[in-house]
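Coordinates in review
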Amino acid sequence: MIEIKVVNKSNNPLPEFATSLSAGVDLRAFIAEDIELKPMERILVPTGLYIELPEGFEAQIRPRSGLAYKHGISVLNSPGTIDADYRGEIKVILINLSNVPFIIKNGERICQMVINKFENFNWSLSESLSESVRGEGGFGHTGKN
Ligand SMILES: O=c1ccn([C@H]2C[C@H](O)[C@@H](COP(=O)(O)OP(=O)(O)OP(=O)(O)O)O2)c(=O)[nH]1
Ligand SMILES: [Mg+2]
């Protein structure tokens, strides 16, 4: 369990885990007025949240499956990346992939945020790579079923 410093400038509660084993917390829109998102339109939605992640961690901004399935609403840059040194407001790029307008209200849960550890690395520049069973096969080369 890690601690994440957070500043909440919104009028919404801090994001919570919906169940004890949920992987992420749902983020809420922090907007003064309703937003109408037209078909194929994208928009940057503020959350009013600012976080300070410990070194070696990132936050991922992912779509909610219910919004995606029922309304065609997705996170355009999914998974969005929040860097540990980012001190700005967390914002969410939503896109309406349906053919009808979608209304976003203040406080609506628009996406989920999952915290991940990541590895730093150095390049080891080489002339070739080791052999493997897969080799260069990819993009469906093992067949369909
Ligand atoms: O969905 C997102 C994605 C990013 N960010 C913030 C946090 C992140 O640390 C910063 C930069 O994101 P990213 O590296 O994805 O964007 P970029 O286009 O490469 O911008 P930059 O040149 O600032 O890195 O923007 C968000 O608030 N929401
Ligand atoms: Mg970047």
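Going by the annotation in an unreviewed UniProt entry, the name recorded for the protein is Deoxyuridine 5'-triphosphate nucleotidohydrolase, with Alkalitalea saponilacus given as the source organism. Turning to the protein, the UniProt annotation filed under Cofactor (unreviewed entry) states: "Mg(2+)".

Before going further, it helps to examine the nonpolar core. Grouped together as the largest cluster of nonpolar side chains are 24 residues, with contacts concentrated most on L27, I61, L94, I104, I110 and M113. Looking at this core, the elements that each hand over two or more residues are strand 2 (25-28), strand 3 (35-37), strand 5 (49-52), strand 6 (57-62), strand 7 (73-75), strand 9 (91-96), strand 10 (102-104) and strand 11 (109-117). For L27, the residues in contact, after removing those within four places along its chain, are P15, T47, L49, I61, I90, E108, R109, I110, C111, Q112 and M113.

In strand 5, alternate side chains face the same way, and those of L49 and I51 are buried while those of Y50 and E52 on the opposite face are not. Pairing analysis gives 4 bridges linking strand 1 (residues 5-8) to strand 5, with the strands arranged antiparallel. Among the inter-strand pairings, N8 is bridged to a residue of strand 5, identified as L49.

Further remarks concern the layout of surface pockets. Taken as a whole, the largest pocket spans an internal volume of roughly 540 Å³. Lining the largest pocket are 19 residues, and of these I4, F17, V25, M113 and I115 sit closest to its centre. Contributing elements (two or more residues each) for the lining of the largest pocket: strand 2, strand 5 and strand 11.

Every residue near ligand 1 is listed here: N77, G80, T81, I82, D83, Y86, E89, I90 and K91. Here an oxygen atom of ligand 1 sits 3.1 Å away from a polar atom, N or O, in the side chain of N77. With respect to ligand 1, the side chain of D83 contributes an N or O atom lying 2.5 Å from an oxygen atom. For ligand 1, whose accessible area on its own is 560 Å², the fraction buried by protein is 49%. The element best represented in the shell around ligand 1 is strand 8 (residues 80-82), accounting for 3 residues. Among the residues forming the shell around ligand 1, the class breakdown is 3 nonpolar, 3 polar and 3 charged.

Here the focus is the UniProt feature "binding site: substrate" (unreviewed entry) in the protein. The sites that UniProt annotates as "binding site: substrate" (unreviewed entry) are R64, S65, G66, N77, T81, I82 and D83. For the residues just named, distributed over 20 residues, the greatest C-alpha separation reaches 26.5 Å, placing them at more than one site. Summarising the element assignment, S65 is placed in helix 1 (residues 65-71). You can call S65 exposed: its relative accessible area is 60%. Structurally, G66 can be placed in helix 1.

Here is what the cut-offs are and how they apply
- What you see as residue numbers is a count from 1 along each chain, following the sequence as written.
- Lettering of chains starts at A and numbering of ligands starts at 1, both following the order in which they are written.
- The predicted nature of this model means local features are confined to residues of pLDDT at least 70 and side-chain atom pairs, given and counted, to a pLDDT of 80 or more, with totals for whole chains, interfaces and linings taken over all residues.
- To obtain the side-chain values, all non-hydrogen atoms of the structure were included, while hydrogens and water were left out.
- UniProt positions are given in the numbering used here, feature names are shortened, and annotations may be inferred rather than shown by experiment.
- For our purposes a nonpolar core is just a set of buried Ala, Val, Leu, Ile, Met, Phe, Trp, Tyr and Cys residues, chained together by side-chain atoms within 4.5 Å.
- Relative accessibility thresholds used throughout: buried, under 20% of the residue-type maximum; exposed, over 50%; partly exposed, between the two (1.4 Å probe, protein chains only).
- Secondary structure elements are taken from DSSP: a helix is a run of H or I of four residues or more, a strand is a run of E of two residues or more, and numbering for both begins at the N terminus.
- Here, two residues are considered to be in contact whenever any of their heavy atoms come within 4.5 Å of each other.
- The pairing criterion for strands is at least two bridges between them, as found by DSSP.
- A 1.4 Å probe that fits but cannot get out identifies a cavity on a 1 Å grid over protein atoms alone, an open set with protein on both sides within 12 Å along at least five of seven lines counts as a pocket, and a residue lines either if it has an atom within 4 Å of a point.
- Grid points are joined across faces, edges and corners, and a volume is the space filled by probe spheres set on the points.
- A single heavy atom is enough: if one lies within 4 Å of a molecule or strand, its residue is considered near that molecule or strand.
- Each polar contact in these results corresponds to two N or O atoms within 3.5 Å; when the atoms are within protein, one needs to be able to donate a hydrogen and the other to accept it, and residues that are neighboring in sequence are counted only if both atoms are side-chain atoms.
- Under the convention used here, a 1.4 Å probe and the Shrake-Rupley method define accessible areas, while residue burial counts only the protein chains that appear.
- Each residue gets one of three labels, nonpolar for Ala, Val, Leu, Ile, Met, Phe, Trp, Tyr, Cys and Pro, charged for Asp, Glu, Lys and Arg, and polar for the others, Gly among them.

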